[in-house]
Protein chains: 2
Amino acid sequence: MKIAVLGTGMTGIAIASKLLEKGHEVRMGSRSATNDAAVKWAAAAGAKAGHGTFADAAAFGEMVFNCTSGGASLEALRAAGAQHLSNKVLVDVANPLDFSKGMPPSLSVSNTDSLGEQIQRNFPEAKVVKTLNTLNCYLMVDPASLPGEHSIFISGNDAAAKAAVLEVLTRDFGWKPGSVIDLGDISTARGTESLLPVWVRLWGALGHPNFNFHVVVGSPPSPKA
Amino acid sequence: MKIAVLGTGMTGIAIASKLLEKGHEVRMGSRSATNDAAVKWAAAAGAKAGHGTFADAAAFGEMVFNCTSGGASLEALRAAGAQHLSNKVLVDVANPLDFSKGMPPSLSVSNTDSLGEQIQRNFPEAKVVKTLNTLNCYLMVDPASLPGEHSIFISGNDAAAKAAVLEVLTRDFGWKPGSVIDLGDISTARGTESLLPVWVRLWGALGHPNFNFHVVVGSPPSPKA
């Protein structure tokens, strides 16, 4: 598949590299067509790798990953162009982290709204699927590197789009289908983005980001007498 | 130990009953000295159980559990009286759930503040320890009923207070010491209270509340070449 990866930070590079390794054609997009990280990545990555502006990449991709920083995502997607996102699966991996109030970061949108919903509202023709925003980027594309069962979440309004993303997550990234929890429509991104405030504090307490949440599910409780 | 449990909902009853079962003297506190649930509980629970107003219970307890609903916690603690909370460990189990904006609930305080911090600020002489607010009340006091490893968190400014709470959690409630993650000071309650937005959506997706988060921790990542 032709896939666009918007954003050239660690998350974008990790996702683009894994997709390429799995045989996809990948174009990385950034604000400038000559972004150093994207140029370097594409030069090293071979014939199926390319780079360009956000609009170049989005026009190329049949599926688009938003790996830009959350505070810049709406602007990046506007630069990508609504016409290049229309009717496409837009996988939103970003978190609306706000570093302006000190460390650890807070969220610039939370509680009664989410970045995932903002993106869906601003790009109503795109099929936004929020996922992978709750763990370190190396674990996103290599879940088996963390021993034991652990979970990711998926949120979105379009069932077919979620199924397409689930296929990438399982076939390409190595997630077991049972580890991917479908929380419901895109408003459930409020839930997964709200994991960030505890995630950043766990990073602080543990001293490193090599961890993930596992949702341990028991049997439904029997009615109390 | 003499323990006060403020709040006579499901969480208060679950915690008070478990503490009693483990040999503590427990007084439940509520707005009125004749609260039906507290009267009924104390009558059935035997000689070591009592009930009264928030102030009666707080005056009695050497340790105080706040199991009131989050939106009413500050008022309940004011009714309990700062003088009855001073120098005591105040275990805050509440979540600031806001049901006024529809279901699932949002939070009335979040992101850059938390109920745990509000309580600590309003009762500076109390030693506030936030814990157990991230799972169903039956699991709080019976973690082994959910098979497998799973986690709870602890937040507070006073190390001795956290140690005292850890002892109750492990000795009385059955938590393994390794399952209790100390996130740091009371500001880290922002993290655990932020688990509620995903918790309520997991309840929706799974259809029942018999689940918990396990923080799966790997080795610190080796530096990248």
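Conventions adopted
- Residues numbered from 1 in each chain as written.
- Chains lettered and ligands numbered in written order.
- Predicted model: local features only at pLDDT ≥ 70, side-chain atom pairs only at ≥ 80, totals over all residues.
- Heavy atoms only, no water.
- Contact = heavy atoms within 4.5 Å.
- Buried area = accessible area lost by both parts, 1.4 Å probe.
- Salt bridge = Lys/Arg side-chain N within 4 Å of Asp/Glu carboxyl O.
- Helix = DSSP H or I, 4+ residues; strand = E, 2+ residues; numbered from the N terminus.
- Pairing = 2+ DSSP bridges.
- Axes fitted to C-alpha atoms, helices over the stretch in contact; angles between N-to-C directions.
- Parallel < 35°, antiparallel > 145°, perpendicular 65-115°, else oblique.
- Left-handed = near helix turned anticlockwise from the far one by under 90°.
- Nonpolar A, V, L, I, M, F, W, Y, C, P; charged D, E, K, R; others polar.
- Least-squares fit on C-alpha atoms with pLDDT ≥ 70 in both.
- Buried < 20%, exposed > 50% of the residue type's maximum accessible area, 1.4 Å probe, protein only.
- Polar contact = N/O pair within 3.5 Å; in protein donor to acceptor, adjacent residues only side chain to side chain.

Would you explain the interface of chain B and chain A in this entry?
How big an interface is tends to be stated in terms of accessible area lost as the parts join. Every contact between the two is made by 43 residues of chain B and, on the other side, 43 residues of chain A. Taking both partners together, chain B and chain A bury about 3,300 Å²; carbon and sulfur atoms supply 69% of that area. Three residues stand out in chain B for area buried against chain A, namely Asn111(B), Arg201(B) and Val216(B), and they jointly supply 19% of the buried area on that side. Counting across the interface, chain B meets chain A through zero salt bridges. The element best represented in the side of chain B that touches chain A is strand 11 (residues 211-217) of chain B, accounting for seven residues. The sheet contact formed by strand 11 (residues 211-217) of chain A and strand 11 of chain B spans seven bridges and is antiparallel. Paired with Asn212(A) across the strands is Val216(B), a residue of strand 11 of chain B.

Could you clarify how one ought to interpret the packing of helix 4 (residues 73-80) of chain A against helix 6 (residues 115-122) of chain A in this entry?
Each packed pair of helices is defined by two parameters, the angle between the axes and the distance between the axes. Residue and element names in this part refer to chain A. Relative orientation of the contacting elements helix 4 and helix 6 amounts to 25 degrees, with a least axis distance of 10 Å. Taken together, the axes of helix 4 and helix 6 are roughly parallel relative to one another. Like other packed secondary-structure pairs, helix 4 and helix 6 cross with a definite hand, here right-handed. The segment helix 4 lies against helix 6, with Ser73, Leu74, Leu77 and Arg78 engaging Leu115, Gln118, Ile119 and Asn122. Taken together, the residues of the contact of helix 4 with helix 6 sort by class into four nonpolar, three polar and one charged.

Where do I start with unusual backbone geometry in this structure?
The general pattern is negative phi for most residues beyond glycine and trans for most peptide bonds. The amide bond that connects Met103(A) to the next residue, Pro104(A), takes the cis arrangement and shows omega of -10 degrees. Counting through the fold element by element, Pro104(A) comes out in the loop between strand 6 (97-98) and strand 7 (106-107). In this model, Asn111(B) sits at a positive phi of 70 degrees, which is unusual for a non-glycine residue. Considering the arrangement of structural elements, one finds Asn111(B) in the loop between strand 7 (106-107) and helix 6 (115-122).

Can you help me understand the relation of the copies chain B and chain A in this one?
For the pair of chain copies, the relating operation is a rotation around an axis with a shift along it. You can overlay chain B on chain A at an RMSD of 0.0 Å; the transform is a turn of 180 degrees with a shift of 0.0 Å along its axis. One copy is carried onto the other by what is essentially a two-fold rotation axis. The share of interface residues of chain B whose copies in chain A are also at the interface is 100%, consistent with both copies meeting through the same surface.

I tried to follow the side chain of Asn111(A) on my own but got confused; where do I start?
Under the relative-accessibility criterion, Asn111(A) is labelled buried at 15%. Separated by 2.7 Å, the side chain of Asn111(A) and the backbone oxygen of Leu107(B) make a polar contact. Those residues in contact with Asn111(A) that sit more than four places away from it in its chain are Arg190(A), Ser106(B), Leu107(B) and Ser110(B).

Is there a simple way to think about the pairing of strand 4 (residues 63-66) of chain A in this case?
Side chains on a regular strand alternate between the two faces of the sheet. All names here are of chain A. The side-chain alternation of strand 4 yields two buried faces, one formed by Met63 and Phe65 and the other by Val64 and Asn66. Looking at chain direction, strand 1 (residues 2-6) and strand 4 are connected through four bridges and run parallel. Directly across from Val5, in strand 4, lies its bridge partner Phe65. Summarising the sheet, strand 4 and strand 5 (residues 89-92) pair through four bridges and their orientation is parallel. Residue pairing for strand 5: Met63 is matched across the bridge by Val89.

These results come straight from atomic positions and should not be treated as a statement about function.
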